[in-house]
Structures are given as structure tokens and as C-alpha cells.
Amino acid sequence: MIETIQRLEAAARALEPDPAQRGAWLDAVRAYAEGFLDELEVLPTYTRDAGQSSKLDLSITERPGRLGALLENLHETVDGPGINPASGGHLGYIPGGGVFPSALGDFLADVTNRFSGISFASPGAARMESGLVRWMAGLVGYPEGAGGDLTSGGSIANLSAVVTAREAMEIRARDIPDACVYMTSQAHHCVDRALNVAGLGECRLRRVPVDDRYRMDAGALERSIGSDRRAGLRPWLIVASAGTTDTGAVDPLEALAAIAERERLWLHLDAAYGGFFMLCEEGRAVLKGLQRSDSMVMDPHKGLFLPYGTGAVLVRDVRLLAAAHAYQADYMQDARGGAGAAEYSPADLSAELSRPFRGLRLWLPLKLFGLAAFRAALAEKIWLARYFHARLSELDGFEPGPTPELSVVTYRYVPKRGDADAFNRALLQAVHDDGHIFVSSTRLDGHFTLRLAVLNFRTHRAEIDYLLDLLVREAARLAAA
Ligand SMILES: *Cc1c(COP(=O)(O)O)cnc(C)c1O
């Protein structure tokens, strides 16, 4: 037996490289990262996959590989084709970020592998996460008793909020067929999915009409709730958006909060995209009333420019979040704080137990850069959207959508003759073919519509000017064709 163990140990020790090996790997990874960042400005934001990704080395074998070869493979197959979200030219969908200190935070979190889910296991990591969540709650103006959880993203954060609302409003299975949910056609599709996943797919979903700027019509909401009540149904949940993905529209938060309070409905706010604009004055002016919601979602991997992997759910009364996620397990008995434990552990407020230590990738950039830089970057994004909108308004043939509330602008070209949808599809294609800038499209009021979404911290005026020039040039070419 001892011999077997010795033999296995000798082979298993390969999993612990010595300092020289670690150093060599770190150097190679560092060189790769630096090379990537050096090339960002010249590389395309969008590259069509001409078969590169199919060359990914997926042979998982018994033999150890060589990092140099693996990085080369990664460079070609993964960091080549598709959208490069790290690029300042990413102006499609809602751009992601990738501030560098988050990578360092992830690195340290992965090396130390602290178990952030339970205070007992890592009081410091759990404290960091709950402290960051409380900072966010304070930022949006939630009261003292608020709390929340760092999630993998906005979709899961919305799910967590919907489940919390379901429990807090005591919607049981038998109530579902009569239970009414109110949101607009502009709500993010992950909210529909959250309702389905939460077993609420058979609720009556009311698509509340929007105004000419795609914001929820508060009067229509009120009428809809009234007629549902008269029909003996059970209105219980309003899902509003603070910055829709499609158009950046902010629903009339104060009016919706007043309705929710009067009608005793749960008001959930999806601010995955817009929430962190609370950091700048321009954003705060638009987001008035945010703090009157019962729960909300905001995505540090959008508005705080983190790499993908961090969203947040906030609940005005943290006890309701805990109640919705309560659990019992005998093998966890050492880990429970016991009666009177002042702080919830992340695992008390989430469907997760083991989880990445997400706090560090958020704490490190906030501490290293300080808030002023984030405030400036967010305000800059709003002004860049306004600038794009203003310049587009002066251009012949272009028809900008509403003045942006945050940092999304919709627009299209209206050709003198021919099919406008086909024209704009071709214009989008031309931008993609150029590759320097990536923008995306949507459908609004039946029209194929182009969008600009400014949220990458690397996007500055040069990218906007490049896009404007490109649009003018390509539209002229297409119109002449
Ligand atoms: C991005 C987004 C989501 C989804 O968040 P993920 O982090 O991508 O899961 C939800 N709602 C809005 C408004 C968003 O912009």
C-alpha cells in the first residue's frame, strides 16, 4: 500500500510546479497579455471567423503540453475571430470592459482560492463582498437594511430578484395563473427567462405600452393594474428598466414607484446597464427614483468596466433575499453563524455555495484607480453618445432616434429611394467588413435600426469620429450604387 501511495504521489506532484517553472509561465502569460494590450488599437474590433476557431487544440491527452504552443493556439483561435470586447471600438450590444486590475484580482483570488461563500471559511473575503454590495446599495440610495449578492452577471441577478419577489409577495403555485406581471416590450429577455426559470412562466404577462422614447407609460400601467384587479386577478410585480439594452431608455422611475407603493406591488428595477451611471452627475439626473425600488440589478462588468463575470442583485430589505434563499444542511453546521450573527454570508443570499471570489476583481480596481476616474469615464460615455447624436443630426440622410438619456443612440439612414431596411443592413455590413468598429442593430417600430452603445472604458472621441466618417463614406457609396 505504501508503495502505491509513493508511486502516485511522485506522479501527482506534477500538479505543483516549482518556482522556476511558475516564473517561466508567468513571464509567458505576461508577455502575451502585454502583446494583446499593445495591439489593441491597431487590431480590428470585429474579425469574421474564416475557420480560425476550428483550429483550437482540443486534444486532451496524458502528456504535458508546452505553454508557448498553447498561447500561440489561443492567439489564433480564440483571440482572433469574433468581437474583441476589450477594444475601444466595441460599440455594439452593451460593451464589456476589462480593467487591468481585475485580472490581477482574479489571479490572486485564484492562487489563494479563498472560499468567499461563507464567513466562517473566509471572514475577510465574505466581508469584502458584503462591504462592496453595501457600497453599491449606498450608491443607489437604498436604506441601511439593504443588501445583496455579487453574481456571475445580470441575468442571474435578475433571477435572484424575481425569486425574492415571488417569495416576498407569497406567490404560491396555485396563485400563478391569476398573478400579473407588468413590463414593457423593451425589458431584457433575461427577465422573461428568469420568470420561466422561477416557475412563473404561467403568470399573466402584461406588456405595458411605451411612449415615443420607449419608456413605460405610467398611466397605461395604472389602468392595466386597475382592470386586472377588477377582473379578480392578482397584480404583484412590476419590472422596470433603468437603461434598456436596446435604446438606453429609462422608465419613469418616480411615477412607477408611486404606483407600486399605492398598489402594494413589488417594483424590480433592471439597471444592469444603467445603474453605475449613478456615479456621475449626468447619470444621477436621469436615474432619479432608483432608490424607491424593492430590488434591483446592476452589472459591474458593464458600468464599472470589469471583465465579464460580475453582476449584482440588491434588495432593499436584505432579509427578504435571505428568506428566499434559505437552506439547511447538516454538514454545514460548523459554518453557520448561529442566532444573532449580524452579517449574512454570501451563500445565505444566493443559490450558490462554492463560487469564485468575485470581490477581489471589484475591490482592486476601485481601490487602485479611485472613484474619480470611474466617474469621469461614465460621464465621458454619456457625452460621447450626445456628441454622436448631435453630429449625426447634422448629416444628410441620417435619422437619429431620441436624444440619448444615457449612452445608447439609435439611428438609421433613410435613402431617397429603395428599401430602407435593406440599405441599413448593407450599411451595418460595411461597418463590420471594415472591422475597426463594431456596432449592432435592432428592430424599432418595425424598422431595421442601427445602434451605438458607448460603455467600454477604452472608447473615446477618436472611435466615435472614426465611426461617423465611416458611416458617411459607406452611406454615400451605397446610395450611389
Ligand atoms: C446586459 C443586460 C442584462 C443581462 O446581464 P448579463 O450580465 O449579460 O447576464 C440584463 N438587463 C439589461 C438591461 C442588460 O443590459
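Structure report, in brief.

1. Side note on the packing of aromatic side chains
Taken as a whole and judged by the stated rule, the model has 10 aromatic pairs. With a centroid separation of 6.5 Å and 25 degrees between ring planes, the pair formed by W135 and F276 is classed as stacked. Separated by 141 residues along the polypeptide, W135 in helix α5 (residues 123–140) and F276 in the loop between β7 (266–270) and α10 (281–286) bring together distant segments of the chain. Using a relative accessible area of 26% as the deciding quantity, one classes W135 as partly exposed. With a centroid separation of 4.9 Å and an interplanar angle of 80 degrees, the aromatic rings of F398 and Y413 are classed as edge-to-face. Taken as a pair, F398 in strand β10 (residues 398–400) and Y413 in strand β11 (residues 408–413) lie far apart in primary sequence, 15 residues in all.

2. A look at the sheet that holds strand β9 (residues 311–315)
On the basis of which strands lie adjacent, the open sheet formed by seven strands has the order β3-β9-β8-β7-β6-β4-β5 and mixed pairing. For this open sheet the edge positions go to β3 (147–151) and β5 (204–207), each flanked by a neighbour on one side alone. Averaged over all neighbouring strand pairs, the angle between strand axes comes to 20 degrees, with direction disregarded. Taken together, the five bridges between strand β6 (residues 234–241) and β7 define a ladder with parallel strand orientation. Along β7, the bridge assignment pairs A240 with L269. Packed onto the sheet, α5 meets β3, β8 (295–298) and β9 and runs at close to 115 degrees relative to β3.

3. Here we look at the site of the ligand
As a matter of local geometry, the ligand sits amid 15 residues, with G154, S155, D270, D299 and K302 nearest to it. Interatomic distance of 2.6 Å between a side-chain N/O atom of D270 and a nitrogen atom of the ligand. At 2.8 Å, a side-chain N or O of K302 approaches an oxygen atom of the ligand. Considered on its own, the ligand offers 380 Å² of accessible surface; in the complex 85% of this is hidden by protein.

Conventions adopted
Residues numbered from 1 in each chain as written. Predicted model: local features only at pLDDT ≥ 70, side-chain atom pairs only at ≥ 80, totals over all residues. Heavy atoms only, no water. Phe/Tyr/Trp six-rings, centres within 6.5 Å; stacked < 30°, edge-to-face > 60°. Helix = DSSP H or I, 4+ residues; strand = E, 2+ residues; numbered from the N terminus. Buried < 20%, exposed > 50% of the residue type's maximum accessible area, 1.4 Å probe, protein only. Pairing = 2+ DSSP bridges. Axes fitted to C-alpha atoms, helices over the stretch in contact; angles between N-to-C directions. Contact = heavy atoms within 4.5 Å. Near = heavy atom within 4 Å. Polar contact = N/O pair within 3.5 Å; in protein donor to acceptor, adjacent residues only side chain to side chain. Areas by Shrake-Rupley, 256 points an atom, 1.4 Å probe, with all protein chains shown as cover.

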